[in-house]
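# Architecture at a glance
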Amino acid sequence: MRHVDFSPLYRSTVGFDRLFTMLDSLAQPDQAQTYPPYNIERTGENTYRITMAVAGFDEKELSIEAHAHVLQVKGEKSEEPAEVSEYLYRGIAKRAFERRFQLADHVEVQAASLKNGLLHIDLLRNIPEAMKPRRISIAAEQVETPKAIEAHIN
C-alpha cells in the first residue's frame, strides 16, 4: 500500500490539514532526492542547525526563504564562460538544487553563513510565554471544625 487516502479524516477534523498534507507528501517519490547532502543537529534546548554541503556555490548563487512553516534553500549556478579546457573527469556537480525543510510551529531562522563549502542555517524555537507550561498551585481545602448541635431538654 503506497498511498493512504486521508479524505475521510478531512471531513471529521478541524485544523489538522497541515499534518495530513505532510503525511501525504512523505509517500511522494520526489522526496528521495539526495543532493546536496545535509545534517540537522540540535545545538541547545531550543536551538538547531542545518548544515548543507554546497561546494562550488557562493553566497550570490544561494537563496534561503522561510514562509508558512517551510524553509526553502535554492542553489543556482551562474553560467560560466565557455572554457577552452577539456574535462577528463567531471565529478563536481554544477546542477541547481532546491531543498525544503518542514519547520515546526514557532521555529524561526536566526542566521545563515557559508564557510568552507558548508552552508550553516541556525534555527531557534521561540515558544511564546502564553504557550509555555506553567505551574499551577493547588490550594488545600480548609478543614472546618465539627459543629455541635445544642439542644435544651426539659
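In short, a report on the structure. Throughout this document, residue positions are counted from 1 along each chain, in the order its sequence is written. Totals for whole chains, interfaces and linings use every residue, but because this is a predicted model, local features are given only for residues with pLDDT of at least 70 and side-chain atom pairs only at 80 or more, for both listing and counting. Excluded from the side-chain calculations are hydrogens and water; all other atoms, namely the structure's heavy atoms, are used.

### With respect to the pairing of strand S4 (residues 70–75)
Exposure categories follow from relative accessible area, calculated using a 1.4 Å probe and restricted to protein chains: below 20% of the type maximum is buried, above 50% is exposed, and the middle band is partly exposed. Counting from the N terminus, the helices are the DSSP runs of H or I reaching at least four residues and the strands are the DSSP runs of E reaching at least two. With five of six residues buried, S4 lies mostly within the body of the structure. Of the strand pairs in this sheet, strand S3 (residues 62–67) and S4 are connected by six bridges, and their pairing is antiparallel. Along S4, the bridge assignment pairs His 67 with Val 70. By the convention used here, strands pair only if DSSP detects at least 2 bridges between them. If you look at the hairpin formed by S3 and S4, you'll find two residues sitting between the two strands, and Ala 68 has a positive phi there, around 50°. Where S4 and strand S5 (residues 97–102) come together, six bridges link them in antiparallel fashion. Across the sheet, Val 70 pairs through a bridge with Gln 102, a residue of S5.

### Looking at the packing of aromatic side chains
Here a Phe, Tyr or Trp ring, Trp counted by its six-membered ring, pairs with any other such ring whose centre lies within 6.5 Å, and the pair is stacked when the planes are under 30 degrees apart, edge-to-face when over 60, and tilted otherwise. The full count for this structure, using the stated rule, is three aromatic pairs. Ring centres 5.1 Å apart and planes at 85° place the aromatic pair Tyr 38 and Phe 101 in the edge-to-face group. Of this pair, Tyr 38 sits in strand S1 (residues 38–42) while Phe 101 sits in strand S5, and the two are 63 residues apart along the sequence. Tyr 38 sits in the partly exposed class, given a relative accessible area of 35%. Members of the aromatic cluster, joined through ring pairs, are Tyr 35, Phe 57 and Phe 97. Over the aromatic face of Phe 57 sits the side chain of Lys 77, whose NZ or CZ is 5.3 Å from the ring centroid. Positioned above the aromatic ring of Tyr 35, the side-chain terminus of Arg 95 is 4.0 Å from the ring centre. Our definition puts a charge over a ring when NZ of Lys or CZ of Arg is within 6 Å of the ring centre and also within 35 degrees of the ring normal.

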